[in-house]
Amino acid sequence: MKFGVLIFPGSNCEHDAYHAVRKVLQQPAEFIWHQSTDLKDCQAIIVPGGFSYGDYLRTGAIARFSPVMGAVRRFADRGGLVLGICNGFQILLESGLLPGAMLRNRGLKYVCQQVSIRVENARTPFTGLAREGDVWTIPIGHMEGNYTLDSESLHTLETNRQPNGSVANVAGICNPRGNVLGMMPHPERASEPLLGSEDGMLLFQSMIHASQSADDT
């Protein structure tokens, strides 16, 4: 499965994501600059974490206008897999690919630690190799990770089983079609024993499995 990893001015986790899919999983991967509209025939797009230019206004508010995001929207509309991690999740929210918005952390401080997240829906391309109720240990590192949305939209997420974490403490959500996932924890930072957890690999492996299953049909 060929992965495309986007790069924005200020990105600092693109090499982590590239390492996880290219070096650990031995899958083809390409970096894609934010000014490009060529997704290089990739079968999955990763919008990585870190920062993006213009975050001082509102996280992801300027990056959403980068030419590459138009290509990503068209790719997602065709059913392509899109994974937004941390800042990438925020960009997906700003781009309208996922509902809701991010507020600053409740304590108004940057938080960096291992967290436990629970798989609520194992029937998505990102969780297909997991079981519902599985708990993954994956690190977070963010200042604006307080996900919020209106009560009606939250009810819709629950009804469609779109949260990828407990509703009261959402770690990630997907779109109704299930091919776009945004999450605040960093699965690429849980990809090798040296990092303290390999649970993030289940997400990437699920994406590969979903792609192979689609090819077989």
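None of the values given here were measured: they were computed from a predicted structure. (Residues numbered from 1 in each chain as written. Predicted model: local features only at pLDDT ≥ 70, side-chain atom pairs only at ≥ 80, totals over all residues. Heavy atoms only, no water.)

Asks: Honestly, the overall build of the protein chain in this entry has me stumped. Any pointers?
Replies: Each helix and strand in the protein chain was counted, giving five helices and 10 strands. The C-alpha radius of gyration of the protein chain comes to 16 Å, within 12% of the 17 Å expected for a compact globule of 217 residues. With respect to the three principal axes, the spread of C-alpha positions in the protein chain is 45 × 40 × 35 Å. Across the protein chain, 18 positive and 21 negative side-chain charges occur, with their mean positions spaced 3 Å apart. (Helix = DSSP H or I, 4+ residues; strand = E, 2+ residues; numbered from the N terminus. Rg over C-alpha atoms; globule rule 2.2 N^0.38 Å. Lys, Arg positive; Asp, Glu negative; His and termini not counted. Charge placed at Lys NZ, Arg CZ, Asp CG, Glu CD.)

Asks: What am I meant to see in unusual backbone geometry here?
Replies: Its identity as a non-glycine residue notwithstanding, Gln26 has a phi of 60 degrees, on the positive side. Along the chain, the position of Gln26 falls in the loop between α1 (14–24) and β2 (29–33). Phi angles above zero are rare outside glycine, and Asp41 is one such case at about 60 degrees. Residue classification places Asp41 among the exposed residues on the basis of a relative accessible area of 73%. (Buried < 20%, exposed > 50% of the residue type's maximum accessible area, 1.4 Å probe, protein only.)

Asks: Looking at this model, I keep getting lost on the side chain of His186. Mind explaining?
Replies: Position of His186 relative to the elements: it lies in the loop between β10 (180–183) and α5 (200–216). A polar contact is formed between the side chain of His186 and the side chain of Glu188, at a distance of 2.7 Å. Once residues within four sequence positions are removed from consideration, His186 is found in contact with Cys13, Gly49, Ile85, Cys86, Ile138, Pro139, Ile140 and Gly141. (Polar contact = N/O pair within 3.5 Å; in protein donor to acceptor, adjacent residues only side chain to side chain. Contact = heavy atoms within 4.5 Å.)

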